[in-house]
Amino acid sequence: MKHVAIYPGTFDPIHFGHIDIAVRAASIFDELVVAIYDRPAKQLLFSAKERSELAQQALVDLPNVRVTAYSGLTVEFASEVGAQAIVRGLRATNDFELEYQMALINRKLAPEIEFICLMTRQDYAFLSSSVVKEVALLGGDVNSMVPPHVASMLEIKRREREKNHQPAPVVSLRD
Ligand code: ADP
């Protein structure tokens, strides 16, 4: 039997923490589908198409990984692509609360699909798309956090927003 997993998320944008989880999941499963959720209840910087293209390029060297945007229930998407498992990454304890709740809800909806969490590598424990966006839009160097093509797109967004007098979304750093 072919073992397939999906790795769902927002990926706004993809960063080294996500890539590390994708690489490790791809070594466990025959096929990994990185599933880009098209309209999360979050303030997004990139469109679903942009997020998919950035992820695609970041994962191009992994032959058993493909990237697809999806909408609707994650477990339904998992069934559509024939996945037996949903992979997520865990950083800190607050990730655990959320993932635990989601795993239990998803199990109610689709008991046949297993929910697998991989622990972050210590180097990436601090890394989130929000931090990447905040640093990049304030003009900081994100080269240790994202691949070069993602850093370039972030710089394009920074310039666009500067031209349109849009403030950078500050989550944490300037308090
Ligand atoms: P979501 O918006 O669904 O939380 P994200 O795009 O933020 O999705 O992340 C997708 C998945 O990757 C989630 O399981 C998240 O916990 C995981 N993840 C995000 N950042 C890291 C990181 N630095 N290390 C490990 N896993 C991570």
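What you see is a predicted model; the values in this text were computed from it and never measured.

(A) Local environment of the sheet that holds strand β4 (residues 85-90). Reading across from one edge, β3-β2-β1-β4-β5 is the order of the 5 strands in this open sheet, with parallel pairing throughout. At either margin of the open sheet sits one strand with a lone partner, and together these are β3 (65-70) and β5 (114-119). Strand after strand, the sheet turns through a mean of 30° between neighbouring axes, direction not considered. One ladder, built from 6 bridges, connects strand β2 (residues 31-37) with β3; its direction is parallel. Its bridge partner lying in β3, Val 34 is registered against Val 67. The strands touched by helix α2 (residues 48-58) are β2 and β3; relative to β2, the strand with the most contacts, the crossing angle is about 150°. Along the sheet, helix α4 (residues 93-109) contacts β4 and β5; its crossing angle with β4, the most-contacted strand, is approximately 170°.

(B) A look at α4. Here α4 spans 25 Å end to end across 17 residues, near enough to the 24 Å set by a 1.5 Å rise per residue. Of all the residues in α4, the buried ones are Asp 95, Glu 99, Ala 103 and Asn 106. For α4, the angular spread of buried residues about the axis comes to 70°, placing them on one side. Within α4, the exposed residues directed more than 90 degrees away from the buried face are Thr 93, Asn 94, Glu 97 and Lys 108.

(C) Highlighting the domain arrangement of the protein chain. Each assigned domain of the protein chain is listed here: domain 1 (4-124) and domain 2 (129-163). Listed as interface residues are 14 residues of domain 1 and, on the opposing side, 15 residues of domain 2. A buried area of about 1,300 Å², summed over both sides, lies between domain 1 and domain 2, and 69% of it is on carbon and sulfur atoms. Our count for the contact surface shared by domain 1 and domain 2 stands at 2 salt bridges. Of the charged contacts, one joins Asp 12 and Lys 133 as a salt bridge, the two residues approaching to 2.7 Å between their closest N and O atoms. Applying the counting criterion to the domain 1 and domain 2 interface returns 5 residue pairs in polar contact (both at pLDDT 80 or more). Per element, the largest residue contribution to the side of domain 1 that touches domain 2 is 4 residues, and it comes from α2. Its residues assigned to classes, the side of domain 1 that touches domain 2 shows 8 nonpolar, 4 polar and 2 charged.

Analysis parameters
Residues numbered from 1 in each chain as written. Predicted model: local features only at pLDDT ≥ 70, side-chain atom pairs only at ≥ 80, totals over all residues. Heavy atoms only, no water. Pairing = 2+ DSSP bridges. Helix = DSSP H or I, 4+ residues; strand = E, 2+ residues; numbered from the N terminus. Axes fitted to C-alpha atoms, helices over the stretch in contact; angles between N-to-C directions. Contact = heavy atoms within 4.5 Å. Expected span 1.5 Å × (residues − 1). Buried < 20%, exposed > 50% of the residue type's maximum accessible area, 1.4 Å probe, protein only. Arc of directions from axis to C-beta. Domains from an automatic or database assignment. Buried area = accessible area lost by both parts, 1.4 Å probe. Salt bridge = Lys/Arg side-chain N within 4 Å of Asp/Glu carboxyl O. Polar contact = N/O pair within 3.5 Å; in protein donor to acceptor, adjacent residues only side chain to side chain. Nonpolar A, V, L, I, M, F, W, Y, C, P; charged D, E, K, R; others polar.

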